[in-house]
Amino acid sequence: MFRPGSPLPGTGRAAESTTDSAWPGQPRPVEDAGQPLAAERVRTLVESNASAALCIPGADLDDLGAGAPAARTVTPDGDVLLLVPGDSPAARAAAHAQDDDLTAVIEITDVAPVAVPHRIRGRGWIGGWLTPVRNEERAACAMLLAEEHPVGALLGIESGLGIGEALQEGPAPGEYGRPAWMLLRLEVGEAAVDDLWGAESVEPEEFAAAAPDPLVRHEAELLQHLAAAHGDQVRGLCSLLGERSDGGCVLGGLAVPVALDRFGLRVRFTDEDDRPFDARFDFPEPVGDIAQLRRAMHTLFEAALESE
């Protein structure tokens, strides 16, 4: 049966976590709900616009932004493609790497795109072996990355050309004869996530088989739109929380949409003691696109009106 309101009890106090990376006061769920698997959550983080840092043991990445890839995506085989400046420490370290010569970890930090207490929603780690994308594979990998990010000009891709023609002359030269930009491949050896759903590890095969959430490219703007244009309706969802709504639906209190995926919407409220708590509002069924999301949100808002 469709149960739109899913209060997450216990989230008004400091979070309990099985890892040391939890953030004090970060709300956590403690009940089962329709939710993405850990592999999907890691894959979604990789495919999102969340900030990422590339950590390479022994490489000098002290400069601000030195370890931040300009773009990233995932190949059909489950490898992570990274675009980095040709003169970056990561590019220099990986220039002559073979197979398992060079280990690296991508750390992704997911920050809520709206103003809310405890704004860091989670972190993901993907560890493995880093190598440069070789000449014979570079065109296909560059085209794959350019399909997801506006980096075609950086990679020297001419619009309208196929894979075989796009990069015939190789990458544009940069300083000291190095390529201005370099494509790196991370063969995934392990992954983990510590987020609003909890902390879990992910096997490489699970990561490769997973798909990102279908709303990942739109989540930030959708949450910002809900917060700015539908604040009263979001606050009204508190009426679906049953007994918890008595202390949680404070007049003028905080009610911010903090996360959105195909299964539902998460809202962060403040209770009568000004403590934050999360509530999860499940959609009648998982959504696959914006049109389905619009219908699901209307269903939630109508249910809230009927329960007042």
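What counts as what
Residues numbered from 1 in each chain as written. Predicted model: local features only at pLDDT ≥ 70, side-chain atom pairs only at ≥ 80, totals over all residues. Heavy atoms only, no water. Core = buried A, V, L, I, M, F, W, Y, C linked by side-chain atoms within 4.5 Å. Buried < 20%, exposed > 50% of the residue type's maximum accessible area, 1.4 Å probe, protein only. Helix = DSSP H or I, 4+ residues; strand = E, 2+ residues; numbered from the N terminus. Contact = heavy atoms within 4.5 Å. Salt bridge = Lys/Arg side-chain N within 4 Å of Asp/Glu carboxyl O. Pairing = 2+ DSSP bridges. Expected span 1.5 Å × (residues − 1). Polar contact = N/O pair within 3.5 Å; in protein donor to acceptor, adjacent residues only side chain to side chain. Phe/Tyr/Trp six-rings, centres within 6.5 Å; stacked < 30°, edge-to-face > 60°. Lys NZ or Arg CZ within 6 Å of the ring centre and 35° of its normal.

**Student:** In this structure, what is going on with the nonpolar core? I would like to understand it.
**Tutor:** Nonpolar side chains in soluble globular proteins tend to end up buried together. Core analysis: the largest hydrophobic core is formed by 33 residues, its most contacted members being L237, F269 and F281. Listing elements by their share of this core, those giving two or more residues are helix 6 (219–229), strand 9 (255–261), strand 10 (264–270), strand 11 (276–282) and helix 9 (290–307). At seven residues, helix 9 tops the list of elements feeding residues into this core. Setting aside residues up to four positions removed in sequence, L237 forms contacts with L265, V267, F281, L300, F301 and A304. Core analysis: the next-biggest nonpolar cluster, separate from the first, contains 32 residues, A104, I106, I108 and L186 among them.

**Student:** Where do I start with the pattern of salt bridges in this structure?
**Tutor:** Pairing is possible between side chains of opposite charge, provided their charged atoms come close. Counting across every chain of the model gives 18 salt bridges. With a shortest N-O distance of 3.2 Å, R185 and D79 are connected by a salt bridge. Here D79 lies in the loop between strand 3 (71–74) and strand 4 (80–85) and R185 lies in strand 7 (residues 181–195), a separation of 106 residues in the sequence. Across the pair, D79 and R185 agree in class, each one buried. Here R217 makes a salt bridge to E148, at a shortest N to O gap of 3.1 Å.

**Student:** Looking at this model, I keep getting lost on the pairing of strand 6 (residues 120–132). Mind explaining?
**Tutor:** A regular strand places its side chains on the two faces of the sheet in alternate fashion. When you tally the buried positions in strand 6, you get 10 out of 13 residues, the bulk of the element. Relative to strand 6, strand 5 (residues 103–111) runs antiparallel, the two being bridged by nine bridges. Note on strand 6: the bridge partner recorded for D110 is G122. Here strand 6 pairs with strand 7 via 11 bridges, running antiparallel. Looking across to strand 7, one finds that I126 is bridged to A191.

**Student:** How do you make sense of helix 1 (residues 38–47) when you look at a structure like this?
**Tutor:** Because the α-helix completes a turn every 3.6 residues, residues three or four places apart line up on one side. Counting buried positions along helix 1 gives 10 out of 10 residues, so the element sits mostly inside the fold. Every buried residue belonging to helix 1 is among A38, A39, E40, R41, V42, R43, T44, L45, V46 and E47, and all of these are buried.

**Student:** It is not clear to me how helix 9 should be interpreted in this structure. Could you clarify?
**Tutor:** Over its 18 residues, helix 9 extends 26 Å from the first C-alpha to the last, a length consistent with the 26 Å expected when each residue adds 1.5 Å. Summarising the contacts, the buried residues of helix 9 are in contact with helix 6, helix 7 (231–236), strand 9, strand 10 and strand 11. Sitting at the head of helix 9, D289 places a side-chain oxygen 3.2 Å from the backbone nitrogen of A291.

**Student:** Before we go on, may I ask you to explain the packing of aromatic side chains in this structure?
**Tutor:** Applying the stated criterion across every chain, the model contains two aromatic pairs. The interplanar angle of 25° and the centroid separation of 5.5 Å between the aromatic rings of F269 and F277 together place this pair among those described as stacked. F269 gets classed as buried once you look at its relative accessible area, which sits at 1%. Judged by its relative accessible area of 0%, F277 falls in the buried class. Ring centres of F269 and F281 lie 6.3 Å apart, and the angle between their planes is 70°; this geometry places the pair in the edge-to-face category. With a gap of 12 residues between them, F269 in strand 10 and F281 in strand 11 connect regions that are remote in the sequence. Neither F269 nor F281 differs from the other in exposure class; each is buried. Three or more aromatic residues joined by ring pairs make a cluster, and in this case those are F269, F277 and F281. The positively charged end of R43 is found above the aromatic ring belonging to F207, 5.6 Å away from the centroid.

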